[in-house]
Amino acid sequence: VSIFRGGSFPLSGAPDRVLRALPFDSRFGRALAFLPDDDADGRDELLVGVPRSSEFATWGGAVRLYRGTVDLDSIPDLTFPGEAAGDEFGASLSAGPDVDGDDQDDLVEGAPNANPGGIVDAGKAYVFRAGTALDAVADWTLTGSAAEDRFGFSVASGFDWDGDGELDLAVGATNHDAGGTDAG
């Protein structure tokens, strides 16, 4: 993951910091999201999806949170682990505006190959409350409904789709079959 400091245009061709994963084939950086200043230090945080991380379970995945710093350090401040082998947790990420009404930003992290209740590759999406209570334990889990739905393949949050004044969340299930085989 290459980080370029903003402030002048055009940006230089050389990154100011490069974050790397050590194991091969971990897909470090497949998904990226920023979390608005979660720790009130005046700097935003960076989330990096590592869906094929085998740190906790083979290809279980992980998400790494890097708190904003002046020197752009490359050591994660918090790691969210995938639950089970093959889940590919961290394949999708969204962070930002409050979706649960507690006036704190929230994180949404997808695991499209998760097997909730033994349903193969139905997928999951995890919601984490940010702010002072941010930890690596999901506050809510949403699940796909059928085998191979791949629910959690994509996630988006922080928009008011229905105009009711409350922010909403969308979770993609690219292989859901309701509209036809793998129609999504």
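Residues numbered from 1 in each chain as written. Predicted model: local features only at pLDDT ≥ 70, side-chain atom pairs only at ≥ 80, totals over all residues. Heavy atoms only, no water.

Attention now goes to the overall build of the protein chain. Looking only at helices and strands, the protein chain has zero helices and 12 strands in total. Tracing the protein chain from N to C terminus, the helices and strands come up as β-β-β-β-β-β-β-β-β-β-β-β. Whereas a compact globule of 184 residues would reach a radius of gyration of roughly 16 Å, the protein chain reaches 17 Å, a difference of no more than 12%. Dimensions of the protein chain, computed from the C-alpha atoms along their principal axes, are close to 50 × 45 × 35 Å. (Helix = DSSP H or I, 4+ residues; strand = E, 2+ residues; numbered from the N terminus. Rg over C-alpha atoms; globule rule 2.2 N^0.38 Å.)

Right, let's talk about the nonpolar core for a bit. Core analysis: the largest hydrophobic core is formed by 17 residues, its most contacted members being Leu35, Leu47, Phe80, Phe89, Leu107, Phe128 and Leu134. The set of elements that each furnish at least two residues to this core consists of strand 3 (32-35), strand 5 (62-66), strand 7 (92-96), strand 8 (106-111) and strand 9 (124-129). Judged by nonpolar contacts, the second largest core, of six residues, contains Ala125, Phe151, Val155 and Ala173. (Core = buried A, V, L, I, M, F, W, Y, C linked by side-chain atoms within 4.5 Å. Buried < 20%, exposed > 50% of the residue type's maximum accessible area, 1.4 Å probe, protein only.)

Attention now moves to the pattern of salt bridges. Side chains that carry opposite charge are capable of pairing whenever their charged atoms lie near each other. For the coordinates displayed, the defined rule picks out 11 salt bridges. Across the pair Arg30 and Glu88 runs a salt bridge whose closest N-O atoms are separated by 3.3 Å. Separated by 58 residues along the polypeptide, Arg30 in the loop between strand 2 (17-18) and strand 3 and Glu88 in the loop between strand 6 (78-81) and strand 7 bring together distant segments of the chain. Judged by its relative accessible area of 8%, Glu88 falls in the buried class. Here the salt bridges do not stand alone but share partners, grouping Asp38, Asp39, Glu45 and Arg67 into one network. (Salt bridge = Lys/Arg side-chain N within 4 Å of Asp/Glu carboxyl O.)

A separate point is unusual backbone geometry. Positive phi outside glycine occurs at Arg27, with the angle close to 60°. Among the structural elements, Arg27 can be located in the loop between strand 2 and strand 3. Unusually for a residue other than glycine, Glu148 sits at a positive phi of about 65°. Inspection of the secondary structure assignment puts Glu148 in the loop between strand 10 (140-143) and strand 11 (151-159). Residue class for Glu148 comes out partly exposed when judged on its relative accessible area of 42%.

What follows concerns the packing of aromatic side chains. Applying the stated criterion across every chain, the model contains two aromatic pairs. Between the aromatic rings of Phe80 and Phe128, the centroid separation amounts to 4.9 Å while the plane-to-plane angle is 70°, which identifies the pairing as edge-to-face. Here Phe80, found in strand 6, pairs with Phe128, found in strand 9; they are 48 residues apart in sequence, far enough to count as distant. Exposure remark for Phe80: the relative accessible area of 0% places this residue in the buried category. Among the residues examined, Phe128 registers a relative accessible area of 2% and is labelled buried. When the ring of Phe89 is compared with that of Tyr126, the centres are 5.2 Å apart and the planes differ by 85°; the resulting orientation is edge-to-face. (Phe/Tyr/Trp six-rings, centres within 6.5 Å; stacked < 30°, edge-to-face > 60°.)

Right, let's get into the sheet that holds strand 10. Spatially, the four strands line up as an open sheet ordered 7-8-9-10, and their pairing is antiparallel. Taken across any chain shown, the strands that pair with only one partner, and hence form the sheet edges, are strand 7 and strand 10. Averaged over all neighbouring strand pairs, the angle between strand axes comes to 15°, with direction disregarded. Pairing analysis gives four bridges linking strand 9 to strand 10, with the strands arranged antiparallel. Bridge pairing links Ala125 to Leu142 in strand 10. (Pairing = 2+ DSSP bridges. Axes fitted to C-alpha atoms, helices over the stretch in contact; angles between N-to-C directions.)

The values are spatial; any link to function lies outside them.
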